[in-house]
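Structural overview for review
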Amino acid sequence: MSGREDDGEAFKTRDAASYDDRGEAFDRFTERLTRPLADRLVALAALGAGERVLDVGTGTGVVGRTAARAVSPDGHVLGVDLSQGMLDFAAAKAAEAGIAERFEVRRMDAESLDLADRSFDVALSLFALLHLPDPRRALAQIHRVLRPGGRLVVGIGGGPPLASRSGVRQALRHVADRLRRARGTLLVAPDFLESLVERLLPGSREREESALARHGAGRAPALAPLLRDAGFVDIRTDWLGHRVEFADPEEFWEAQRTFSSVARKRLGDASAQSVAAIRHEFDAACAAVQRRGGTLAYPVGACYVTARR
């Protein structure tokens, strides 16, 4: 194995481990922040009864459980992930919902799927590609396990196309947000906690984020060529986003610590004293904003790409 491959394996292992103890928080905040995005992903797939579905990077199974209901009674969903802690939580939630027979979870590397060729009708993936050092390889694996004509729907975090109506609205909102930040009446996640962590726990984003995740606004445009290279056709794009406001600074902290790779990993590695210092500054900033009648906001959005094998 080359040095680059070694680095990729180390990245994936560390990334997955950083989620192992965050299952409850991840599921709770996914339901609160990203449930509409997960529902949109499944709707774009137009699932039918009896179909076999692969959920790549299933996490706590929010997408997988929704898909399992859509393909019932005879369909089947396999959710794969590298975090055993997340998979254990997903399995427990599936059993609680009474769909364990239709929604199976298995620990597996998306870049090396241990699955038969042409064995799935549909593949879904929400935000997982941002956690892979080699998304091109993962897409090639997904292409391999889909049957001819099989469908893929991928969602990655990001804003709308700049030239779209949503993009114009988003640009206007950014201008308004800058003014509110300058007045001290707005804190926006996850940038707020990440800025504190960057200043007080400096490190390298290369250890915490994949190259695609660091691509920023260029994520969505970079994804379509990767799908074409993997052999997919009929590539189309979509976008959905919204903003959630938090009244409780504790919840605002936990949401960012759960979803931000930079914050989750650096805080997980930091001493209790360092975490306490960051939390003290975080709480003080939240209190100041709320005294002024301001807002603690978490905008979330997904760029979707649908394609066919």
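See above for the structure.
Structure report, in brief. (Residues numbered from 1 in each chain as written. Predicted model: local features only at pLDDT ≥ 70, side-chain atom pairs only at ≥ 80, totals over all residues. Heavy atoms only, no water.)

Regarding the pairing of strand β4 (residues 120-126)
Burial within β4 is extensive, with 7 of its 7 residues counted as buried. Inspection of the sheet shows strand β1 (residues 52-56) paired to β4 by 3 bridges, in the parallel sense. From the neighbouring strand, L54 faces β4, where its bridge partner is A123. Alignment of β4 against strand β5 (residues 146-157), held across 6 bridges, turns out to be parallel. Its bridge partner being in β5, F120 is matched across the sheet by L146. (Buried < 20%, exposed > 50% of the residue type's maximum accessible area, 1.4 Å probe, protein only. Helix = DSSP H or I, 4+ residues; strand = E, 2+ residues; numbered from the N terminus. Pairing = 2+ DSSP bridges.)

Things to note about the pattern of salt bridges
Within the structure shown, the criterion is met by 27 salt bridges. Residue E281 is joined to R199 by a salt bridge in which the shortest nitrogen-to-oxygen separation is 2.2 Å. Taken together, the positions of E281 in helix α11 (residues 272-291) and R199 in helix α7 (residues 191-200) put the pair 82 residues apart, joining distant regions of the chain. Beyond isolated ion pairs, a larger network of salt bridges with shared partners links D27, E31, R35, D39, R65 and K93. (Salt bridge = Lys/Arg side-chain N within 4 Å of Asp/Glu carboxyl O.)

What to know about the packing of aromatic side chains
By convention here, two paired aromatic rings are described through the distance between centres and the angle between planes. Applying the stated rule across the entire model yields 9 aromatic pairs. Relative to F282, the ring of F192 lies with its centre 5.0 Å away and its plane at 25°, an arrangement referred to as stacked. Placement of the pair is F192 in helix α7 and F282 in helix α11, with a sequence separation of 90 residues. Relative accessible area serves as the criterion here: at 11%, F192 is assigned to the buried category. Seen in terms of ring centroids, F246 and F252 are 5.7 Å apart; in terms of plane orientation they differ by 50°. Their pairing is tilted. Residue F246 is classed as buried on the basis of its relative accessible area, which comes to 5%. (Phe/Tyr/Trp six-rings, centres within 6.5 Å; stacked < 30°, edge-to-face > 60°.)

A look at the packing of α7 against helix α10 (residues 261-269)
Here α7 crosses α10 at 40°, and the two axes come no closer than 9 Å. On the basis of the axis angle, α7 is oblique to α10. α7 and α10 meet at a crossing whose hand is left-handed. Across from L193, E194, V197 and E198 in α7, the residues of α10 making contact are V262, A263, R266 and L267. Looking at the contact of α7 with α10, its residues break down into 5 nonpolar, no polar and 3 charged. (Axes fitted to C-alpha atoms, helices over the stretch in contact; angles between N-to-C directions. Parallel < 35°, antiparallel > 145°, perpendicular 65-115°, else oblique. Left-handed = near helix turned anticlockwise from the far one by under 90°. Contact = heavy atoms within 4.5 Å. Nonpolar A, V, L, I, M, F, W, Y, C, P; charged D, E, K, R; others polar.)

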